[in-house]
Amino acid sequence: MSKPSASDQADWAIGLARLTTSAGLPLQWVKNHKWKVFCDCFLLRTKRPSAKVLTQCVMPHALNRLKTVAKEECRGANATLQCDGWTGENHHHLLGFMMTAQRKLHTVKVHNASRDPQTAEELLQQILEAISKIETEWGATAHCLLQEKFPHLVVPDCIAHQV
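Quick caveat, the model's predicted, so the values are computed rather than measured.

The rules behind each value
Residues numbered from 1 in each chain as written. Predicted model: local features only at pLDDT ≥ 70, side-chain atom pairs only at ≥ 80, totals over all residues. Heavy atoms only, no water. Buried < 20%, exposed > 50% of the residue type's maximum accessible area, 1.4 Å probe, protein only. Helix = DSSP H or I, 4+ residues; strand = E, 2+ residues; numbered from the N terminus. Pairing = 2+ DSSP bridges. Phe/Tyr/Trp six-rings, centres within 6.5 Å; stacked < 30°, edge-to-face > 60°. Lys NZ or Arg CZ within 6 Å of the ring centre and 35° of its normal. Core = buried A, V, L, I, M, F, W, Y, C linked by side-chain atoms within 4.5 Å. Expected span 1.5 Å × (residues − 1). Salt bridge = Lys/Arg side-chain N within 4 Å of Asp/Glu carboxyl O.

**Examining the pairing of strand E2 (residues 93-101)**
For E2, a buried count of seven out of nine residues is recorded, marking the element as mostly surrounded by other parts of the structure. Note that strand E1 (residues 78-87) and E2 share nine bridges and pair antiparallel. When the sheet's bridge partners are listed, Gln 82 is paired in E2 with Met 98. Between the antiparallel neighbours E1 and E2 lie five residues, among them His 91 with a positive phi of about 70°. Adjacent in sequence and paired antiparallel, E2 and strand E3 (residues 104-112) are bridged by two residues, among which Gln 102 carries a positive phi angle near 55°.

Okay, structure coming up:
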């Protein structure tokens, strides 16, 4: 068998990174003896990345590649901004900002609000920053849930948060 091209090897490594994150696999799996034997038997052409290479090189590269493609798809599109907050098991209060554009959901940012004042004014500031990010970094037009600030927008109620 011929040696894989640099492009094929990069695609292989990114595929492993996506598999690792989507399946929630611990990084130790790349050191697993059964995995190494499997690769030696069936995947002779490719190099196995180490956990360090996966986390410090491959995953950041894959994430940047996915972000670039997502941003290209959203450029010029109308977008709906969504926000949700939760407290993790580590007691950090997080605010997640998501955007729907071209019928796809994208994470715009996750903000650690643990030390922020829990006020409407602070939430408004975070929302305005997310809108700015959508318009400047993503090139999309933000249509968000801010009826008071932008009365010309339609503001649907969220049934899940009314119970």
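Once you've had a look at it, read on.
**Observations concerning the packing of aromatic side chains**
A complete count under the given rule lists three aromatic pairs for this structure. Both rings, one in Trp 12 and one in Trp 35, keep their centres 6.4 Å apart while their planes meet at 10°; by these two values the pair is stacked. You can see Trp 12 sitting in helix H1 (residues 6-22) and its partner Trp 35 sitting in helix H2 (residues 33-42), a full 23 residues away along the chain. The exposure class assigned to Trp 12 is buried, which follows from its relative accessible area of 19%. When the ring of Trp 29 is compared with that of Trp 35, the centres are 4.7 Å apart and the planes differ by 65°; the resulting orientation is edge-to-face. The exposure class assigned to Trp 29 is buried, which follows from its relative accessible area of 13%. Look at Trp 35 and you get buried, because its relative accessible area is 15%. Connected via pairs of aromatic rings, a cluster forms that spans Trp 12, Trp 29, Trp 35 and Phe 38. The cationic tip of Lys 71 hangs over the ring face of Trp 138; the distance from NZ or CZ to the ring centre is 5.6 Å.

**Focus: unusual backbone geometry**
Even without a glycine there, the phi angle at His 91 is positive, about 70°. Secondary-structure assignment places His 91 in the loop between E1 and E2. Positive phi is not limited to glycine here, since Arg 103 has a value of about 65°. As for its placement among the helices and strands, Arg 103 is situated in the loop between E2 and E3. With relative accessibility at 84%, the residue Arg 103 sits in the exposed group.

**Comments concerning the nonpolar core**
Leu 81, Phe 97, Met 99 and Ile 134 are the most contacted members of the largest nonpolar core, which has 17 residues in total. Only helix H3 (51-74), E1, E2 and helix H4 (120-136) provide two or more residues apiece to this core. Ranked by size, the runner-up nonpolar core spans 14 residues in total, among them Trp 12, Ile 14, Leu 16 and Met 59.

**A short note on H4**
Between its terminal C-alpha atoms H4 stretches 24 Å, which fits the 24 Å expected from 17 residues at 1.5 Å a residue. Among all positions of H4, only Glu 122, Gln 126, Ile 127, Ala 130, Ile 131 and Ile 134 are buried.

**Considering the pattern of salt bridges**
All told, the structure shown has four salt bridges when counted by the stated rule. For Asp 11, the salt bridge identified is with Arg 65, shortest N-O distance 3.4 Å. In this pair, Asp 11 sits in helix H1 while Arg 65 sits in helix H3, placing the two residues 54 residues apart along the sequence. On the basis of relative accessible area, Arg 65 is assigned to the partly exposed category, the value being 40%. Note that Lys 109 and Glu 129 form a salt bridge whose closest N and O atoms lie 3.4 Å from each other. On the criterion of sequence distance, the pair formed by Lys 109 in strand E3 and Glu 129 in helix H4 is long-range, its members being 20 residues apart. Lys 109 gets classed as buried once you look at its relative accessible area, which sits at 15%. Its relative accessible area of 37% is what places Glu 129 among the partly exposed residues.

So, to be careful, I would describe these as geometric facts and stop short of saying anything about function.
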